Amino acid sequence: MAEKRCVVAICHNLPYVLRETTQSLMALGWSNRVAEACQAHGFSQIAHAWYFRSPLVSCLRDAAVMDARAAGFSHLLFLDADMIFPDNVLIRMLRHTDQGIVSGLYVQKQAPYRPIALRDGVDKGGVMWYQHDTGPFDGPLRPQQVVGMGCTLIPLSVFDAIGPRPWFEYKPDADGWPMVSEDVPFCQRADAAGIGIWLDPTVRCGHCVTDIKTDLHWTRYERSIAASAEAGAAMTVRVTDLRHESLGDAAGR
């Protein structure tokens, strides 16, 4: 059996790191939690690395993949620096080493706080439109077509399967407009290669600046979803050009 080694790549292209995120990253890196995750899932090493020397997070992700491959790691766990994680995120995410691509559950930064987990894609004139997963978020892994990279475990073998870099890029759509998110083209390539993409709804993360940090905050999230839906149903908007809205929906942001 090949040796299992994971690098935790913390990608950060913002001018600051929030206090809550700093505390969260420090807590999950404590040596006892690293040792516990290694022992539980048969990893010989879990290393941490920050990536911050580019304004484009796509470049940071590609750099993390190249470093991990060069150093002989078997898995890559992306944890973004605008997130807040459960203290036991390592042991809970690394149990999915044989599942393909697996993301924790987190939502958009702004209302209506839709989960960044997309499925049921439909090709509309060369642009894929997806539906945000609406749950239920209380059971086993849920299949997806696109997930965000904010808390996502990826076997390094995935990058061999989907072809050469860039693996993460802001790829133009059929009209030449850039996609909002670099993780959509990556997931599309993985999906086309037959690689499973999953959501673990039990690993619930915060996405700054939302107030959704732990299970204790999930009730607040569910209430905000309901309130946003009610407000949207009561509001009429006249729009002459839906291009930007469609791009946002396509990218899950």
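A. Just the environment of Leu-14, in detail. Tracing the backbone shows Leu-14 in the loop between β1 (4-11) and α1 (19-28). What makes Leu-14 partly exposed here is its relative accessible area of 32%. Sequence-wise, Leu-14 and Ser-54 are 40 residues apart; in three dimensions their C-alpha atoms are separated by 9.6 Å.

B. Summary view of the nonpolar core. In terms of nonpolar packing, the biggest core is built from 32 residues, with Phe-78, Ile-101, Phe-159 and Phe-186 touching the most fellow members. Going through the elements one at a time, β1, β2 (43-51), α3 (57-70), β3 (75-80), β9 (146-147), α5 (157-162) and α6 (183-192) are the ones with two or more residues in this core. At five residues, the largest contribution of residues to this core is made by α3. When near neighbours in sequence (up to four residues on either side) are disregarded, Phe-186 contacts Ile-101, Met-149, Ile-154, Val-158, Phe-159, Ile-162, Trp-167 and Phe-168. Core analysis: the second largest hydrophobic core is formed by 26 residues, Ile-46, Leu-77, Ile-116 and Cys-205 among them.

C. Spotlight on unusual backbone geometry. The omega angle of the peptide bond from Gly-135 to Pro-136 is 15 degrees, so this bond is cis rather than trans. Along the chain, Arg-165 connects to Pro-166 via a cis peptide bond; the corresponding omega equals 5 degrees. Positionally, Pro-166 belongs in the loop between α5 and α6. Residue Tyr-113 is not a glycine yet carries a positive backbone phi of 55 degrees. Its place among the elements puts Tyr-113 in the loop between β5 (101-105) and β6 (117-124). Phi is positive for Asp-120, which is not a glycine, with a value near 55 degrees. With respect to the helices, strands and loops of the structure, Asp-120 is situated in strand β6. Judged by relative accessible area, which is 53%, Asp-120 ranks as exposed.

D. Structural detail: the sheet that holds strand β10 (residues 151-155). Judged by pairing direction, the sheet is mixed, and its seven strands sit side by side in the order β2-β1-β3-β10-β5-β11-β8 without closing on themselves. Both edges of this open sheet fall to β2 and β8 (142-143), since each of them pairs with a single strand only. Packed onto the sheet, α6 meets β5, β10 and β11 (197-204) and runs at close to 125 degrees relative to β11.

E. Region of the structure containing the sheet that holds β6. Ordered in space as β7-β6-β9, the three strands form an open sheet in which the pairing is antiparallel. Among the strands making up the open sheet, the edge pair consists of β7 (127-132) and β9. Where β6 lies against β7, five bridges are found, and the strand directions are antiparallel. Within β7, the residue paired with Lys-124 across the bridge is Val-127.

F. Seen up close, the packing of aromatic side chains. All told, the structure shown has five aromatic pairs when counted by the stated rule. Seen in terms of ring centroids, Phe-159 and Phe-168 are 6.3 Å apart; in terms of plane orientation they differ by 55 degrees. Their pairing is tilted. The pair Phe-159 / Phe-168 is uniform in exposure class, with both members buried. Phe-159 gets classed as buried once you look at its relative accessible area, which sits at 1%. Counting every residue linked through ring pairs, the aromatic cluster contains Phe-78, Phe-159, Trp-167, Phe-168 and Phe-186. Above the face of the Phe-73 ring, Arg-5 is positioned so that its terminal group lies 4.1 Å from the ring centre. When the ring centre of Trp-129 is taken as reference, the NZ or CZ atom of Lys-124 above it lies at 4.4 Å.

G. Geometry of the confidence of the model for the chain. Looking at the chain as a whole, its pLDDT mean stands at 82, while 77% of the residues score no less than 70. Within the chain, no element has a lower average pLDDT than helix α8 (residues 243-251), which sits at 33, and none a higher one than β10, at 98.

H. Seen up close, α3. For α3, spanning 14 residues, the distance from its first C-alpha to its last is 20 Å, which sits close to the expected 20 Å at 1.5 Å a residue. Every buried residue of α3 is listed here: Val-57, Ser-58, Leu-60, Arg-61, Asp-62, Ala-64, Val-65 and Ala-68. Where α3 terminates, the next one or two residues include Gly-72, which has phi positive at roughly 80 degrees.

Cut-off values and rules
Residues numbered from 1 in each chain as written. Predicted model: local features only at pLDDT ≥ 70, side-chain atom pairs only at ≥ 80, totals over all residues. Heavy atoms only, no water. Helix = DSSP H or I, 4+ residues; strand = E, 2+ residues; numbered from the N terminus. Buried < 20%, exposed > 50% of the residue type's maximum accessible area, 1.4 Å probe, protein only. Core = buried A, V, L, I, M, F, W, Y, C linked by side-chain atoms within 4.5 Å. Contact = heavy atoms within 4.5 Å. Pairing = 2+ DSSP bridges. Axes fitted to C-alpha atoms, helices over the stretch in contact; angles between N-to-C directions. Phe/Tyr/Trp six-rings, centres within 6.5 Å; stacked < 30°, edge-to-face > 60°. Lys NZ or Arg CZ within 6 Å of the ring centre and 35° of its normal. pLDDT = per-residue confidence, 0-100. Expected span 1.5 Å × (residues − 1).

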